[in-house]
Amino acid sequence: MSDLVQPKSVEINYETDEPVRYEVDGGVAWITMNRPQFNNAQNGQMTYALDDAFNRAVQDDAVRCIVLAGEGKHFSAGHDIGTPGRDLHREFDKRLMIAPHTNKPAAELLYTREQEQYLGMCRRWRDIPKPTIAMVQGACIAGGLMLAWVCDLIVASEDAFFQDPVNPLMGIPGVEYFAHGFELPPRVAKEFLLLGERMSAPRAFSFGMVNKVVPREELRDATKAWADKLAGQGRLGNWLTKQSINHVEELRGKRSAMDAVYHMHHFAHAQNDLVTGDSIGGVSGKSAASANKSEVGKA
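Computed from a predicted structure; not experimentally measured.

Draft legend 1. Geometry of the pairing of strand β3 (residues 65-70). For β3, the buried fraction is high: six of the six residues fall into the buried class. The alternating pattern of β3 places C65, V67 and A69 on one face and I66, L68 and G70 on the opposite face, and all of these are buried. Judged from the six bridges that link them, strand β2 (residues 28-33) and β3 form a sheet pairing that is parallel. Bridge assignment links V28 to a residue of β3, and that residue is C65. Here β3 pairs with strand β4 (residues 132-136) via three bridges, running parallel. Its bridge partner being in β4, I66 is matched across the sheet by T132. Once you follow β3 into helix α2 (residues 107-126) and on to β4, the crossover reads as right-handed.

Laid out in structure tokens, this is it:
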């Protein structure tokens, strides 16, 4: 008897064939998430397009620095949990020697998918041998944090905010790439996760989570200035310097902490399934956005 299941047949309607744009300016590759009508929510289509773009930049010796950006008002509203392009049940060619996920039963489906598309991909991008900069404006929520945090530097606009509301909304202890305790002091990280409230760019800067905060109209120029400077420096020196700090984080237990919390994350998904019949507790993109706006008095 097989323990596999028949993959679900679901309708997926992608609004674009180009969820990520790729441009090279001098020695800098600009990788731009391109789903502005959905606030750059990350579906599988976008995730694999990001991986393609990062790999393209890595393989091009003329590229010496990489900038990650988001088109439109917001950097990223996080993982796609409710657009017509949500593609949870689409199988993509795996990049990290992970088995197919759509034919796996129950909690195994999400555990397998997210091991690659969320945790695995982010670790892969963090280890890119070229310096990376996240250029963040507006919302950087949940899965958006993961994309910003894998970058070496973060330049944010004054109106940017950072948030991981998955505990209050879903009873899940933070997103899969669990860097919260490394990006923030422990008590602040607890506040960030337990309350799920927005953290302004200036406050994030005060904790060292953000490197520079500028007016939105100056964001691209400020990011470009740093990217151009990094692109003009020695390739090997940049790579070794990046590795040295990443190594310190590993000595502090970053990878093992993520592994542990990844399992807590999926225990919470399974609990939601058992209690509510839905792995994210019935939360939709629309309900999450409504709750977020209500929290700050904008409903």
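Now that the structure has been shown, the text picks up again.
Draft legend 2. Examining helix α8 (residues 219-231) more closely. Taking 1.5 Å of rise per residue, the 13 residues of α8 would be expected to cover 18 Å, and the 18 Å separating its terminal C-alpha atoms lies within 8% of that figure. Here α8 has its buried residues at L219, A222, T223, A227, L230 and A231. Projected down its long axis, α8 shows its buried positions confined to an angular sector of 165 degrees, all on one face. Those residues of α8 that are exposed and aimed more than 90 degrees away from the buried face are D221 and K229. Close packing links the buried residues of α8 with β2, β3, β4, β6 (153-157), β9 (212-214) and α9 (235-251).

Draft legend 3. Examining the environment of A227 more closely. Of note, A227 is situated in helix α8. For A227, a relative accessible area of 0% gives the class buried. Along the chain, A227 and F92 lie 135 residues apart, while their C-alpha atoms are 32 Å from each other. Apart from residues lying up to four places away in sequence, A227 is in contact with V28, C65, V67 and I133.

Draft legend 4. Here's a closer look at the side chain of E176. Along the chain, E176 falls in the loop between α4 (166-170) and α5 (180-183). Despite its burial, E176 pairs with no opposite charge; the closest candidate is R113, at 7.2 Å N-O. Engagement of the side chain of E176 in a polar contact is seen with the side chain of H265, the distance being 3.0 Å.

Draft legend 5. Representation of a nonpolar patch on the surface in the model. On the surface, a cluster of nonpolar side chains totalling about 300 Å² of accessible area is made up of L236, W239 and L240. Looking at the element boundaries, L240 is found in helix α9. Look at L240 and you get partly exposed, because its relative accessible area is 47%.

Draft legend 6. Region of interest: the nonpolar core. Counting residues in hydrophobic clusters, the biggest one holds 65 residues, and the most contacted among them are I31, L50, V136, F162 and Y177. Top contributing element to this core by residue count: helix α1 (residues 44-59), with seven residues. With residues near it in sequence (within four places) discarded, L50 still touches V20, I31, M33, L68, W125 and L147.

Cut-offs and rules
- Residues numbered from 1 in each chain as written.
- Predicted model: local features only at pLDDT ≥ 70, side-chain atom pairs only at ≥ 80, totals over all residues.
- Heavy atoms only, no water.
- Buried < 20%, exposed > 50% of the residue type's maximum accessible area, 1.4 Å probe, protein only.
- Helix = DSSP H or I, 4+ residues; strand = E, 2+ residues; numbered from the N terminus.
- Pairing = 2+ DSSP bridges.
- Right-handed = clockwise from strand over helix to strand, strands pointing away.
- Expected span 1.5 Å × (residues − 1).
- Arc of directions from axis to C-beta.
- Contact = heavy atoms within 4.5 Å.
- Lys, Arg positive; Asp, Glu negative; His and termini not counted.
- Salt bridge = Lys/Arg side-chain N within 4 Å of Asp/Glu carboxyl O.
- Polar contact = N/O pair within 3.5 Å; in protein donor to acceptor, adjacent residues only side chain to side chain.
- Patch = residues over 30% accessible without salt bridge, like charges linked within 9 Å, V, L, I, M, F, W, Y side chains within 5 Å.
- Areas by Shrake-Rupley, 256 points an atom, 1.4 Å probe, with all protein chains shown as cover.
- Core = buried A, V, L, I, M, F, W, Y, C linked by side-chain atoms within 4.5 Å.

Purely spatial values, then, with no claim about function.
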